[in-house]
Amino acid sequence: MSETATRLSAFAGLTLPAVRNRLSVTVAPDAIRYSLRGSPAAAAALGAVFGPVPSTTACRATSAGDRAALWLGPDEWYLLAPDGDAAALAASLSAAIDEPHALVDISHRNVGLILKGPRAADVLNGACPLDLSETAFPVGMSTRTLYAKAEIILWRTGLDTFRVEFWRSFAGYIVGLIAENAREHAV
Amino acid sequence: MLLVTCPYCGPRPEIEFRQAGEAHIARPAITCSDDEWADFLYMRDNHKGYMRERWRHVAGCGRFFNVVRHTVTDKFVASYKVGEEKPAIPAEAAAGPRVEIVR
Ligand SMILES: [Zn+2]
């Protein structure tokens, strides 16, 4: 009997909403995700190996190629890399840091959605209390915040594109709310 | 919407925060008396007016910080990081409309 674990999508059975010409919602590809806790010096040492050097400016993401580091707090970053051997990458990153830090693999805890289109900000604002205007939340800004009652990480990757990361068990709640908030833009 | 200024993230919606009680309550030494320990655990000023409070940006950067807030009008006048110098408490007149609680 096979003992292989099968990775199940958190979005199985859910219908992702879409509004023609205004909003598309897609599932972000499987990825390596780490929570990094440590000093800015530890983050800089990691950045030298990882690619993007984690920002010390509040609420800013840095990216290089298909890797990204999102500022979540003064000693906390959220790292994203393409799917692969998360343990091996973590070992090589940790080896570059010679001071106390925590680098935790949360690849399978979180999932991501990509909202794209001229109404993406409006649909997010249906349940997120932040000012998502271009001046208050420019491209490259990232933060932990709320989508209704669910904690999310919000990253503006383009003028009309947002990446939303959250715990996989919130998938049904968040997709349902996005669909509800998208309805008024479908007219 | 009430905005609370996080000293790390800037002005953010109140719903992202949690109040965490009176600030600047130092933990007494392990050799303290039971009364001192009870004071530390349970006794708070809880007065009407400006107070220094701990808040946490729980759905943001996650950090604890301190504010000066009026406990009647809910007016926030200062936010500062843990360890930073305490800002002055404003004169009561600056608290905004006075709310009288009638019993
Ligand atoms: Zn904050």
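Preceding block: the structure.
Residues numbered from 1 in each chain as written. Chains lettered and ligands numbered in written order. Predicted model: local features only at pLDDT ≥ 70, side-chain atom pairs only at ≥ 80, totals over all residues. Heavy atoms only, no water.

**Comments concerning the interface of chain B and chain A**
- The interface is formed by 13 residues belonging to chain B together with 16 residues belonging to chain A.
- Interface of chain B and chain A: buried area, both sides summed, is about 1,000 Å²; carbon and sulfur atoms make up 58% of it.
- A salt bridge links Arg63 of chain B to Glu76 of chain A; its shortest N-O distance comes to 3.1 Å.
- In this structure, the connection of chain B to chain A is made through seven residue pairs in polar contact (both at pLDDT 80 or more).
- Partitioned by chemical class, the residues of the side of chain B that touches chain A number eight nonpolar, two polar and three charged. (Contact = heavy atoms within 4.5 Å. Buried area = accessible area lost by both parts, 1.4 Å probe. Salt bridge = Lys/Arg side-chain N within 4 Å of Asp/Glu carboxyl O. Polar contact = N/O pair within 3.5 Å; in protein donor to acceptor, adjacent residues only side chain to side chain. Nonpolar A, V, L, I, M, F, W, Y, C, P; charged D, E, K, R; others polar.)

**Here we look at the packing of helix α1 (residues 40-50) of chain A against helix α2 (residues 86-95) of chain A**
All names here are of chain A.
- Orientation of α1 relative to α2, taken along the N-to-C sense of each, is 125°, at an axis distance of 8 Å. Judged by the inter-axis angle, α1 sits oblique to α2. The two elements α1 and α2 cross, and the hand of that crossing is right-handed. Along the contact surface, α1 presents Leu46, Val49 and Phe50, while α2 presents Leu89, Ser92 and Leu93.
- For the contact of α1 with α2, the class distribution of residues is five nonpolar, one polar and no charged. (Axes fitted to C-alpha atoms, helices over the stretch in contact; angles between N-to-C directions. Helix = DSSP H or I, 4+ residues; strand = E, 2+ residues; numbered from the N terminus. Parallel < 35°, antiparallel > 145°, perpendicular 65-115°, else oblique. Left-handed = near helix turned anticlockwise from the far one by under 90°.)

**Description of the side chain of Arg33 of chain A**
Residues and elements named next belong to chain A.
- Along the chain, the position of Arg33 falls in strand β3 (residues 31-37).
- According to the relative accessible area criterion, Arg33 is buried, its value standing at 2%.
- One polar contact links the side chain of Arg33 to the main-chain carbonyl oxygen of Asn110, over a distance of 3.1 Å.
- Setting aside residues no more than four positions away along its own chain, Arg33 makes contact with Tyr78, Leu79, Leu80, Val104, Asp105, Ile106, Ser107, Asn110, Val111, Gly112, Arg163 and Glu165. (Buried < 20%, exposed > 50% of the residue type's maximum accessible area, 1.4 Å probe, protein only.)

**Some thoughts on the coordination of the zinc ion**
Residue and element names in this part refer to chain B.
- Protein coordination of the zinc ion is provided by Cys6 (SG), Cys9 (SG), His57 (ND1) and Cys61 (SG), with donor distances spanning 2.0 to 2.4 Å.
- Summarised as a motif, the one-chain spacing of the donors to the zinc ion is C-x2-C-x47-H-x3-C.
- Assessed through its relative accessible area of 2%, Cys6 is described here as buried. (Donors = N, O, S within 2.8 Å, 3.2 Å for Na, K, Ca; no water.)

**Notes on the nonpolar core**
- Core analysis: the biggest nonpolar cluster contains 58 residues, and Tyr34, Leu79, Leu113, Leu115, Tyr147, Leu154 and Phe166 of chain A have the highest contact counts within it.
- Formed by nine residues, the second largest nonpolar core is a distinct cluster that contains Ala61, Ala68, Leu72 and Ile153 of chain A. (Core = buried A, V, L, I, M, F, W, Y, C linked by side-chain atoms within 4.5 Å.)

**Some words on the packing of aromatic side chains**
- All told, the structure shown has six aromatic pairs over all chains when counted by the stated rule.
- A centroid spacing of 6.5 Å and a plane angle of 40° characterise the contact between Phe137 of chain A and Phe162 of chain A, whose relative ring orientation is tilted. Of this pair, Phe137 of chain A sits in the loop between α3 (120-125) and β9 (142-147) while Phe162 of chain A sits in strand β11 (residues 161-167), and the two are 25 residues apart along the sequence. Of the two residues, Phe137 of chain A and Phe162 of chain A, both sit in the buried class.
- Ring centres of Trp55 of chain B and Phe76 of chain B lie 5.1 Å apart, and the angle between their planes is 75°; on these two criteria the pair is classed as edge-to-face. Separated by 21 residues along the polypeptide, Trp55 of chain B in strand β4 (residues 50-56) and Phe76 of chain B in strand β6 (residues 76-80) bring together distant segments of the chain.
- A relative accessible area of 5% means that Trp55 of chain B is categorised as buried.
- Sitting over the ring of Phe64 of chain B, Arg54 of chain B keeps its end group 4.5 Å from the ring centre. (Phe/Tyr/Trp six-rings, centres within 6.5 Å; stacked < 30°, edge-to-face > 60°. Lys NZ or Arg CZ within 6 Å of the ring centre and 35° of its normal.)

None of this, on its own, says anything about what the molecule does.
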